[in-house]
Amino acid sequence: MKKLVLLIALLASGLLSAQSEVINNYKYVIVPRKFDFFREADRFKLNTLTKMAFERYGFKTYFDDEQLPVEVAMNRCNALYGNLDNASGMLSTTIYVVLKDCNGKEVLRSGKGKSKTKELQKAYYEATRAAINSLKEVPYNYVGDAAAAQYLASQGVILPAAQSPTVNPANNAPSQVQPEVKPQQTVNENTLFAQPIANGYQLVDSTPKVVLKMYRTSQPDSYSANGEGKSGVVFKKGNDWFFEYYVNDKLVSEKLSIKF
């Protein structure tokens, strides 16, 4: 029995260490304004509670409908995405806090947060708090921009040159010289970066400034859109995106360069 307990402890220790090694390479966490298992945003203030938890944990944390840092706007893989996994049943409320990377791969899962309280709001709050408290077992210490960029590159994620500092071998300090690693995708000055918002995306330029907001419709790859005094539709045709709107009763079709 003692051997079994020791084995479980060793496995848990190894798992926590592995999770810590991954999350230490990320500075940002994005939290949804609305969880999928609720119909309204920030129900019972759970989204705010989750966001604050990651902030206390040491991450720079944003809601998905806020203006994001440039490095995240330019490459969403430069952040982790926090969420709640609702595993509640008839007799109890059960919550897990999870972190996933930009490809949906789970990199951290909290312990089980459970409450048998019948009052729904109190039950969700208790269960979420319990799940959050279990994260204290996983240490977080950001490794720094240079090391983080190197890790992301090893995972096939190449950040834009401006976000990928190199290290000067003479003093191990970050250098201002452009890194040797080249971006996988060329980003021109007219590229717009898609940031998730409720029911769609906002498109920002490199300033960053929001130039267009696009909202989902019932048709795939088709959005209603408005911004800078224009209202119309954004849709995908082949591999290209277009924004169509009317000016003085004349249809204008504007090709967009969007990076999701």
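Visitor: Kindly report on empty space enclosed by the protein, identifying the contributing residues and their values.
Guide: Enumeration according to the criterion identifies one cavity of 30 Å³ or more in this entry. Here the largest cavity defines a volume of roughly 80 Å³. Around the largest cavity, the lining comprises 13 residues; the ones closest to its centre are Leu68, Val72, Arg76, Ala194 and Pro196. Listing elements by their share of the lining of the largest cavity, those giving two or more residues are helix H3 (70-74) and strand S9 (192-197). Its residues placed into classes, the lining of the largest cavity shows nine nonpolar, two polar and two charged.

Visitor: Let's hear about the pattern of salt bridges: which residues, and what values?
Guide: For the coordinates displayed, the defined rule picks out ten salt bridges. Across the pair lysine 51 and glutamate 55 runs a salt bridge, and its minimum N-O distance is 2.6 Å. Placement of both lysine 51 and glutamate 55 in helix H2 (residues 46-57) is noted, with a separation of four residues, approximately one turn of the helix. Residue lysine 51 is classed as buried on the basis of its relative accessible area of 13%. Among the ionic pairs, glutamate 254 bridges to lysine 230, the shortest N-O distance being 3.6 Å. Note that glutamate 254 is positioned in strand S15 (residues 250-256) and lysine 230 in strand S13 (residues 230-237), a separation of 24 residues in sequence. By relative accessible area, which is 28% here, glutamate 254 ends up partly exposed. Three or more residues are tied together by salt bridges with common partners; here these are Asp85, Glu106 and Arg109.

Visitor: Tell me about helix H4 (residues 120-134), and name the residues and values.
Guide: The α-helix advances 3.6 residues per turn, and as a result positions three or four apart in sequence lie on the same side. Across its 15 residues, H4 extends 22 Å between first and last C-alpha, which sits within 8% of the 21 Å expected from 1.5 Å per residue. Inspection of H4 places Ala123, Tyr124, Ala127, Thr128, Ala131 and Ile132 among the buried residues, and these make up the whole buried set. Considered in projection along H4, the buried side chains sweep an arc of 160° and stay on one side of the axis.

Visitor: Explain the state of the cysteines to me, using residue names and the numbers behind them.
Guide: Two cysteines, two sulfur atoms, one covalent bond between them: this is a disulfide. Tallied over the entire structure, the rule returns one disulfide. At a sulfur-sulfur separation of 1.9 Å, the disulfide partner of cysteine 77 is cysteine 102. Linking cysteine 77 and cysteine 102, the disulfide has an S-S dihedral of approximately 85° and is accordingly described as right-handed. Of this pair, cysteine 77 sits in the loop between H3 and strand S3 (79-86) while cysteine 102 sits in the loop between strand S4 (93-100) and strand S5 (106-109), and the two are 25 residues apart along the sequence.

Visitor: Explain the confidence of the model for the protein residue by residue, including any values.
Guide: For the protein, per-residue confidence averages 79 on the pLDDT scale, and residues scoring 70 or more make up 79% of the total. Taken element by element, the predicted model of the protein shows its lowest mean pLDDT in strand S7 (residues 166-168) (43) and its highest in S4 (95). This model gives residues 2-17 a pLDDT under 50, and the stretch forms two contacts once residues within four places in sequence are excluded. Overall, residues 160-188 carries pLDDT values under 50, and its contacts beyond four positions in sequence, including any with other chains, amount to 35 contacts.

Visitor: Now, about the layout of surface pockets: what can you tell me, with residues and values included?
Guide: Volume-wise, the largest pocket comes out at about 780 Å³. Taken together, 31 residues line the largest pocket, and the ones lying closest to its centre are Pro32, Lys34, Asp36, Asp64 and Asn83. Elements represented by at least two residues in the lining of the largest pocket include exactly strand S1 (28-31), S3, S4, S5 and S9. Of the residues in the lining of the largest pocket, the class split is 15 nonpolar, five polar and eleven charged.

The rules we used
Residues numbered from 1 in each chain as written. Predicted model: local features only at pLDDT ≥ 70, side-chain atom pairs only at ≥ 80, totals over all residues. Heavy atoms only, no water. 1 Å grid on protein atoms, 1.4 Å probe; cavity = no way out; pocket = protein on both sides within 12 Å on 5 of 7 lines; lining within 4 Å. Points joined across faces, edges and corners; volume = space filled by probe spheres on them. Helix = DSSP H or I, 4+ residues; strand = E, 2+ residues; numbered from the N terminus. Nonpolar A, V, L, I, M, F, W, Y, C, P; charged D, E, K, R; others polar. Salt bridge = Lys/Arg side-chain N within 4 Å of Asp/Glu carboxyl O. Buried < 20%, exposed > 50% of the residue type's maximum accessible area, 1.4 Å probe, protein only. Expected span 1.5 Å × (residues − 1). Arc of directions from axis to C-beta. Disulfide = S-S within 2.5 Å. pLDDT = per-residue confidence, 0-100. Contact = heavy atoms within 4.5 Å.

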